[in-house]
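This is what each chain is made of:
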Amino acid sequence: MVAVTSMSKPWLVQKYGGTSLGKLMDTICGSIIPDYAEKHRLVVVCSALSGTIKAKGTTSLLLECIALSELGADAQEQMEELVHLIRDSHLAVLDSIFEAQKSSACELYDTTKSQIVKECEVLKKFLLAAQIVGDLSPRSKDRVISLGEKMACLIIAACLANKGIPARPVILDDVVSAVFGASSDDQAAALDRLGSRFYHAVAEEIGTRIRDCGSAIPVVTGFFGIMPNSLIQTVGRGYSDLCAAMCAVAVGAAELQIWKEVDGIFTADPRKIPSAQLLASVTADEATELTYYGSEVIHPLTMDQIREANIFLRLKNVFKPHNEGTLIDPKATSSILEIGQVKKVVSPPGVLLKNDFTVGRSERRRPTAVTVKDDVFLIHVICNRNTKSGGLLIQVFERLERNNIPVDLIATSERNVSLAVHRPGNASAILRLKEELESFGQVAIAKNMSIVTIVGHKMRSQIGVANDTLSALAAANVNIHLISQGASEISISLVVNADDATTALNAIHRDVLKIPTIEESRFRRNVLAG
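In this text, all values refer to a predicted model and were calculated from it rather than measured experimentally.

Rules and cut-offs
Residues numbered from 1 in each chain as written. Predicted model: local features only at pLDDT ≥ 70, side-chain atom pairs only at ≥ 80, totals over all residues. Heavy atoms only, no water. Helix = DSSP H or I, 4+ residues; strand = E, 2+ residues; numbered from the N terminus. Contact = heavy atoms within 4.5 Å. Areas by Shrake-Rupley, 256 points an atom, 1.4 Å probe, with all protein chains shown as cover. Core = buried A, V, L, I, M, F, W, Y, C linked by side-chain atoms within 4.5 Å. Buried < 20%, exposed > 50% of the residue type's maximum accessible area, 1.4 Å probe, protein only. Expected span 1.5 Å × (residues − 1). pLDDT = per-residue confidence, 0-100. Pairing = 2+ DSSP bridges. Right-handed = clockwise from strand over helix to strand, strands pointing away. Disulfide = S-S within 2.5 Å. Axes fitted to C-alpha atoms, helices over the stretch in contact; angles between N-to-C directions.

The next subject is the overall build of the chain. The secondary structure content of the chain amounts to 17 helices and 14 strands. For the chain, the proportion of contacts with a sequence separation of at least 24, taken over those separated by at least 6, is 75%. Accessible surface, the chain: about 24,300 Å² in total, of which carbon and sulfur atoms supply 50%.

The biggest cluster of nonpolar side chains holds 110 residues, and the ones touching the most others in it are Val13, Phe198, Phe224 and Leu256. Core analysis: the next-biggest nonpolar cluster, separate from the first, contains 24 residues, Ala276, Val496, Ala504 and Leu505 among them.

Take helix H2 (residues 58-69) next. The first and last C-alpha atoms of H2 sit 16 Å apart over twelve residues, in line with the 16 Å expected at 1.5 Å per residue. Within H2, nine of the twelve residues are buried, leaving the element largely enclosed by the surrounding structure. Buried residues of H2: Thr58, Thr59, Ser60, Leu61, Leu62, Cys65, Ile66, Leu68 and Ser69, and no others. Each element contacted by the buried residues of H2 is listed here: helix H3 (76-97), helix H4 (107-133), helix H5 (138-162) and helix H10 (239-251).

Next up on the list: the confidence of the model for the chain. On average, the chain scores 85 in pLDDT, and the residues at 70 or more come to 87%. Below pLDDT 50 for its whole length, residues 335-364 participates in 61 contacts with residues either more than four positions away or in separate chains.

With that settled, the discussion passes to the pairing of strand E2 (residues 41-46). Remark: a regular strand shows side chains that alternate across the two faces of the sheet. Of all six residues making up E2, six are buried, and the element is well covered by its neighbours. Side chains Arg41, Val43 and Val45 project from E2 onto one buried face, and the interleaved Leu42, Val44 and Cys46 project onto a second face that is buried too. Across six bridges, strand E1 (residues 11-16) lies against E2 in parallel orientation. The residue of E2 that forms the bridge with Leu12 is Leu42. For the crossover from E1 across helix H1 (residues 18-37) to E2, the handedness is right-handed. Across three bridges, E2 lies against strand E4 (residues 217-221) in parallel orientation. Each bridged residue has a counterpart across the sheet, and for Val45 the counterpart in E4 is Val220.

The full count for this structure, using the stated rule, is zero disulfides. Cys243 forms no disulfide, and the closest cysteine sulfur to it belongs to Cys247, at a distance of 4.4 Å.

With that settled, the discussion passes to unusual backbone geometry. The phi angle of most residues is negative, glycine excepted, and most peptide bonds adopt the trans form. Non-glycine residue Asn310 carries a positive phi angle of around 55°. Among the structural elements, Asn310 can be located in the loop between helix H12 (300-309) and strand E7 (312-317). Using a relative accessible area of 43% as the deciding quantity, one classes Asn310 as partly exposed. The phi angle at Asp375 is positive, at roughly 55°, despite the residue not being glycine. Within the element layout of this structure, Asp375 appears in strand E9 (residues 369-383).

A separate point is the sheet that holds E4. Taken in spatial order, the eight strands line up as E3-E4-E2-E1-E5-E7-E8-E6 in an open sheet, and their pairing is mixed. Both edges of this open sheet fall to strand E3 (167-170) and strand E6 (281-283), since each of them pairs with a single strand only. In this sheet, adjacent strand axes meet at a mean angle of 20° when their direction is disregarded. Across four bridges, the pairing between E3 and E4 is parallel. Counted as the bridge partner of Val170 is Val220 from E4. Along the sheet face, H1 touches E1, E2, E4, strand E5 (255-260) and E7 and points at about 160° away from the line of E1. Strand contacts of H5: E2, E3 and E4, with the helix running at about 160° to E4, the strand carrying the most contacts.

Right, here's the structure in full:
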């Protein structure tokens, strides 16, 4: 019998969110990671540590430090106190890990503690300098935010080493400059020129750093470098998911695991729909669509990476590590149909073969899930000039771009345009947009709206889904303000009043997905038992 060496094991990348690490660090480092390390070469990707409330997590506190530094000298004391709070909270976590060793000399504890203290002192000096200027560039803000992931990796690597598991922190705050040079102009040009291949180049450098760890488990920062136009602006708060995907691509991982505090992807938000069922698997297209329209599933750029590399992605629950979770299959994507073509829908083999979502082995008969996106504005524009519809759209989108407002849904006619947009972070952006649009048309903006989206593989070619949806909402007395189908072959989206969103979710979940409510299921069981 040939022994399996560590170098012959398949690669597995695990990404842990800050809340998971904050709540269950001992379980993760003492049980989950060691169990998987027996049969895999592991890469662990960490977000910044967080508590039970995300708003009080390290990244949120660092963003608050940035805001205080921009207020000038008047906020200096408050800013310093916040930096000390971040430092002390991380030292408290470190103390809890090395509780038994603190009474005696422990080099690992002392080294990690001094690194955390040093990083926080550097941060404080940087922010004090920024207070003099009263402003921080986006790239400088990235540098501040990177500290959260850096300290998390130092602590996780120390925790693993303290349990006898060799681990090395891999800090990626300079990875972009290592690939494309220190010039922000050169980096921006590379991003514009390469598109998604920009991340492939970064992934190669990440792979080199991972392999340099040898037999030790690489503990990688979810923050992967100072981006040309700021990582937060370019990628968003889900950048650690994208970093994990790049790690998986870099090493050719068999699977990427994203560990959260939920079981996986459900047919609806179980907090709103108690009868929602866990999905054993979904396609990459479905996961992308669910994420875009409100479900906190996975970052869209992450899906692009694993789809191109054919890497399986699995969502797992840190509270139930032995459960299978939800598998996202990158190879299970829809084939392209000609517009107007309708035929019997056959899903890729092995996709959604559990619960009541398939018939036989490979045919799905119902949509997969329903989700809702809140904080939506509905904008109606009626052109009052002799402008062709194409010209109207050009002018509308130019003004949307100028105000940095992305469009979720759109419906048009010869002189009218209706748009659904998510509420921008800058409250004045909508007011500016309204003023600019009024220069060539009448504008009406409705607030407190929601987008309800039904998602299902190959749903565009399924006959009757739209009819079932409209009938279900009519029976529930839900008014629809805008409908979108066809741009994506796997979803139907509807704009409703925010107050009607949960009612719409329930109606669609029960009457379109055909999943009975808790009460209906209980009644059926009683009838069968009687």
